[in-house]
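Letter by letter, the chains look like this.
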Amino acid sequence: MIARVWSIVLKEFIQIRRDRRTLAIVLLLPVMQLTLFGYAINTTVDHIATVVLDQARDAQSRGFLSTFFNTGYFDLVGQVGSIEQVRQAIDAGTARVGIVLPPEFSRDLVAGRAPRAQMVVDGSDPNTAQTALLVAGTLSQRSAARQAIDLRPIVLYNPSMQSINFMIPGLLGLIMQFQTLLLTAFAVVRERERGTLEQLVVTPVKPWELMLGKILPYVTVAFANVLFASAIGHFWFGVEFAGSFALLLVLAAVFVLSSLGLGLLVSTVSQTQTQAMQLALFVMLPSIILSGFVFARESMPHPIRELGLLIPLTYFLQILRGIILKGVGVEVLWPEVLALAAFGVIVFGLSANRFRKTLD
Amino acid sequence: MAAVEVRELTRTFGELVAVDHLTLDVRQGEIFAFLGPNGSGKTTTIRMLCGIITPTSGQGRVLGFDVATQSEFIKARIGYMSQRFALYEDLTVRENLNFYAGLYQVAGGRRAQRVRELIAMAGLTGHERQLAGHLSGGWKQRLALGCAIVHQPPLLFLDEPTAGVDPVSRRSFWTLIYGLARGGVTIFLTTHYIDEAEHADRVALMLNGRMVALAPPRELRETGLSGTLLEVECEPAVDALEFLPTVAGVREVTLYGTLLHVLVEDHFSADALAAALRAKGIAVTSVREIKPSLEDVFVSRIRSSI
């Protein structure tokens, strides 16, 4: 019994090693996803290209501007001589923000009147525009009414508000989902396509032994990659793990079960590897979009948002972000854990049920 | 006890009756061949006997176990080699054998010994580390046989074992099969090569899911045809092929290359046939009586059952 499972595990490992496509999914996919999502999808906006039209040109205006640029959110790309030139710079895309300080800026400041300054913002990228407006608002409040409101916002969980902190936990989930789903989807259907399944079903191997033997290697691979991605996230991207890493691994196992079940289900209903690939993509795309991996689920319209509840990654992302960013445990996450477990049992049962040792 | 007992075994796929009330026994230790064209129900029968296709009706017992309810007992005790030599092409010769040895739970201590034996048997010594996908057809076939008998089953099912394999490899494959049969293994094979069926102890002719004849090859040849078989060399053969069936006393005419095989009633002589052809203006080189081959019987049976 154990011997049979072991034989299959061994065989799968040899095949993983020899098949270039599988090897690519195992080794390259996580690296690629980490790089792509870690760097390219960066919703933190800083270094906004900025031009300045300083009509006051004195110590006060220079002081204000230096505070402004010292925030790090803005980069000075040039001084211009007229309001038209500000427009031109934004039209041409060389700048996204223009700061206009009128000649009376310093006079008003010294006299204690609220000085007027203008900020021209390129609204074509709402993310950039929002950041610019926010920072400008805070700054002008501070420098204009030094004594007035002392507003000190405290940001919970992700104090630096770096999108990488939001992205890495999600990436762990996404990598696990991608790998387990793709690899198991191919696992059974490849045998069907090559005719080896026919040979397997005439051996005394039991369906659960076959499924277990097929799954174990990919579970191993998935966990190795979770460790790898966590290490990269922590040591390279500097993400701090607030909660228990052990708990994370345990709950990851629950998630992997549901993801593997989904993969096996894809595999048992497909006749060819191409079909399996298409089906896997069909499952994967909604996972990325609806799970809250990139887009906040809160801003989705209603039926779409509920659709996300049918995707295991949705729950797992909440678990991952809960543990890594908030440091919470099962006492808070139990509804997600339950949902995930239920999903896993259902999908796994379905696929084991669909796999019969007959060719009928 | 017969190795295989089949009673009224039937399998339908929708409208199609793939196997139609088949009844037969395969004795222990014999080489039993299922001969028939593609689609005659050979593979479906074998798959039912291996327990991987459920019969629609009827019974089958393999080594005493019921095919419908005890298929897992059967699977542990039989060897099966499918048409496609279901080897893992990305595994080496030894890895393939080790894998199946594991699935059939050949005990760890015995395993290395058994794998070595099979590699030697298949003539693959020195090629243990070669990928199965890089082997030639004949080698693949012998490796697939090795995988199928890794657990020393008393009964071996071979589904078209020599399809797509060169004649020399077929020869050496049959030497292996004879060796297994001498060792007491019952062999149940399907083939559409008529000459291959001659190797078997008994041959069942399959057609459209029904068995139309069952006998040792020699008996089939001798008694399978009613009448006398004449081999005719004439010019133009095509005209003779059209004309002869209209002659009284001629039962069947078949073209074999440039020769005609003509089945006639026993009283109809070779000379009478030659005379009839000449009267029609066909140049006759020779007419002689021949012993029917299995192919003659096979073709005749197929004709008469259409």
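Residues numbered from 1 in each chain as written. Chains lettered and ligands numbered in written order. Predicted model: local features only at pLDDT ≥ 70, side-chain atom pairs only at ≥ 80, totals over all residues.

## Focus on the overall build of chain B
Test applied: For helices the rule is a DSSP run of H or I covering at least 4 residues; for strands it is a run of E covering at least 2, with both sets numbered from the N terminus onward. Exposure criterion: with C-beta atoms placed from backbone coordinates, a residue whose C-beta has 20 or more other C-beta atoms within 10 Å is buried, one with 12 or fewer is exposed, and one in between is partly exposed. Here the contact rule is simple: place C-beta atoms from the backbone, and any two residues whose C-beta atoms are within 7 Å are in contact.
Counting its regular elements, chain B contains 11 helices and 14 strands. Within chain B, the proportion of its 306 residues that are buried is 44%. At a minimum sequence separation of 6, the contacts of chain B that also span at least 24 residues come to 68%.

## Digging into the overall build of chain A
Of the regular secondary structure elements, chain A holds 14 helices and four strands. Each of the 360 residues in chain A was classed as buried or not, and the buried ones make up 40%. Counted over contacts in chain A with a minimum sequence separation of 6, partners at least 24 positions apart contribute 77%.

## Quick word on the interface of chain B and chain A
Applicable threshold: Three categories are distinguished: nonpolar for Ala, Val, Leu, Ile, Met, Phe, Trp, Tyr, Cys and Pro, charged for Asp, Glu, Lys and Arg, and polar for the others, with Gly belonging to the last.
Contacts between the two partners involve 21 residues from chain B and, on the opposite side, 22 residues from chain A. Looking at the side of chain B that touches chain A, the elements with two or more residues in it are helix H2 (71-77) and helix H3 (93-103) of chain B. Split into classes, the residues belonging to the side of chain B that touches chain A amount to 11 nonpolar, four polar and six charged.

## A closer look at the sheet that holds strand E4 (residues 118-121) of chain A
All names here are of chain A. This is how the line gets drawn: Two strands make a pair as long as DSSP finds a minimum of two bridges between them. Interaxial angles span 0 to 180 degrees and are taken between N-to-C directions of axes, which are lines fitted to C-alpha atoms, for helices over the stretch in contact.
Here four strands make up an open sheet; going across it, the order is E2-E1-E3-E4 and the pairing mixed. In the strand order of this sheet, the two ends are held by strand E2 (74-79) and E4, each with one partner. In this sheet, adjacent strand axes meet at a mean angle of 25° when their direction is disregarded. In terms of strand pairing, strand E3 (residues 97-101) meets E4 through four bridges, oriented antiparallel.

## A word on the pairing of strand E1 (residues 4-13) of chain B
Residue and element names in this part refer to chain B. Two elements, E1 and strand E4 (residues 57-62), share five bridges in a ladder whose sense is antiparallel. Note on E4: the bridge partner recorded for Arg7 is Gln59. Sheet topology places E1 next to strand E2 (residues 16-26); seven bridges connect them, and they run antiparallel. Looking across to E2, one finds that Arg11 is bridged to Val19.

## Examining the environment of Ala117 of chain A
Residues and elements named next belong to chain A. Relative to the helices and strands, Ala117 resides in the loop between helix H5 (105-111) and E4. Its 23 C-beta neighbours within 10 Å are what place Ala117 among the buried residues. Separated by 17 residues in sequence, Ala117 and Val100 place their C-alpha atoms 5.9 Å apart.

## Overview of the sheet that holds strand E5 (residues 65-66) of chain B
Residue and element names in this part refer to chain B. Ordered in space as E2-E1-E4-E5, the four strands form an open sheet in which the pairing is antiparallel. Among the strands making up the open sheet, the edge pair consists of E2 and E5. Examined bridge by bridge, E4 and E5 share two bridges and lie antiparallel to one another. Of the residues in E5, the one forming a bridge with Val62 is Phe65.

## Things to note about helix H10 (residues 270-279) of chain B
Residues and elements named next belong to chain B. Defined as follows: Think of it as the arc spanned by the lines of direction from the helix axis to the C-beta atoms.
The complete set of buried residues in H10 reads Leu273, Ala276 and Leu277. Projection of H10 onto a plane perpendicular to its axis shows the buried side chains occupying an angular sector of 95°, all on one side. Away from its buried face, by an angle of more than 90 degrees, H10 presents the exposed residues Asp271, Arg278 and Ala279. Buried-residue contacts for H10 involve strand E11 (228-235), helix H9 (237-243), strand E13 (259-264) and strand E14 (283-289). Count one or two residues on from H10 and you reach Gly281, which has phi positive near 85°.

## With respect to the domain arrangement of chain B
All names here are of chain B. In plain terms, the rule: The split into domains, and so the bounds of each, comes from an automatic or database assignment of domains.
Segmenting chain B into domains produces domain 1 (4-221) and domain 2 (225-305). Taken together, the elements giving at least two residues each to the side of domain 1 that touches domain 2 come down to helix H7 (194-197), strand E9 (202-207), strand E10 (210-215) and helix H8 (217-223). It is H8 that provides the largest number of residues to the side of domain 1 that touches domain 2, a total of three residues. For the side of domain 1 that touches domain 2, a count of residues per class yields nine nonpolar, no polar and two charged.

## Topic: the domain arrangement of chain A
Segmentation of chain A into domains returns domain 1 (2-41 + 162-354) and domain 2 (48-144). Computed over C-alpha atoms only, the centres of domain 1 of chain A and domain 2 of chain A are separated by 48 Å.

## Quick notes on the pairing of E11 of chain B
All names here are of chain B. Both E11 and E13 contribute to a ladder of six bridges, which runs antiparallel. Across the sheet, the residue bridging to Thr228 is Val264, located in E13. In the sheet, E11 pairs with E14 via six bridges, with the strands oriented antiparallel. Looking at E14, one finds that Val232 is bridged to Val287.

## Observations concerning the confidence of the model for chain B
Heads up, the condition is: pLDDT measures how confident the predictor is about each residue, on a scale from 0 to 100.
Summarising the model, chain B shows a mean pLDDT of 90, and 100% of its residues fall at 70 or more. Both scores are given for the predicted complex: the pTM is 0.77, the ipTM 0.81.

## Some thoughts on the packing of helix H13 (residues 312-326) of chain A against helix H14 (residues 330-354) of chain A
Each packed pair of helices is defined by two parameters, the angle between the axes and the distance between the axes. All names here are of chain A. In plain terms, the rule: In this scheme the crossing of two helices becomes right-handed for a clockwise turn of the near helix relative to the far one and left-handed for an anticlockwise turn of less than a right angle.
Between H13 and H14, whose axes approach to 9 Å, the crossing angle comes to 150°. Considering the relative orientation of H13 and H14, their crossing is left-handed. Listed contacts from H14 to Pro312, Tyr315, Phe316, Gln318, Ile319 and Gly322 of H13 are Val332, Leu333, Glu336, Val337, Ala339, Leu340 and Phe343. Classifying every residue of the contact of H13 with H14 gives 10 nonpolar, two polar and one charged.

## Focus: the packing of helix H5 (residues 137-148) of chain B against helix H6 (residues 167-182) of chain B
Residues and elements named next belong to chain B. Our working rule: Should an angle lie under 35 degrees it is considered roughly parallel, over 145 roughly antiparallel, and from 65 to 115 roughly perpendicular; all remaining angles are considered oblique.
One way to put it is that H5 packs onto H6 with a least axis distance of 9 Å and a crossing angle of 15°. On the basis of the axis angle, H5 is roughly parallel to H6. The crossing of H5 and H6 is right-handed. Contacts between H5 and H6 involve Gly137, Gly138, Gln141, Arg142 and Leu145 from the first element and Ser169, Phe173 and Leu176 from the second. Its residues assigned to classes, the contact of H5 with H6 comprises three nonpolar, four polar and one charged.

## Focus on the confidence of the model for chain A
Residues and elements named next belong to chain A. Averaged over all residues, the pLDDT of chain A equals 81, while 90% of them reach at least 70. Of all secondary-structure elements in chain A, the lowest mean pLDDT belongs to helix H6 (residues 126-144), at 70, while helix H1 (residues 2-18) reaches the highest, 90. In the predicted structure, residues 145-153 sits below a pLDDT of 50 and forms one contact with residues beyond four places in sequence or in another chain.

## A few points about unusual backbone geometry
All names here are of chain B. Cis geometry is found at the peptide bond from Glu235 to Pro236, where omega equals -5°. Mapped onto the elements of the fold, Pro236 is located in the loop between E11 and H9. Residues other than glycine seldom take positive phi values, yet His21 does so here, at roughly 45°. Considering the arrangement of structural elements, one finds His21 in strand E2. With a phi angle near 45°, Glu160 is a residue other than glycine that sits in the positive phi range. Classification of Glu160 as buried rests on a count of 22 C-beta atoms within 10 Å.

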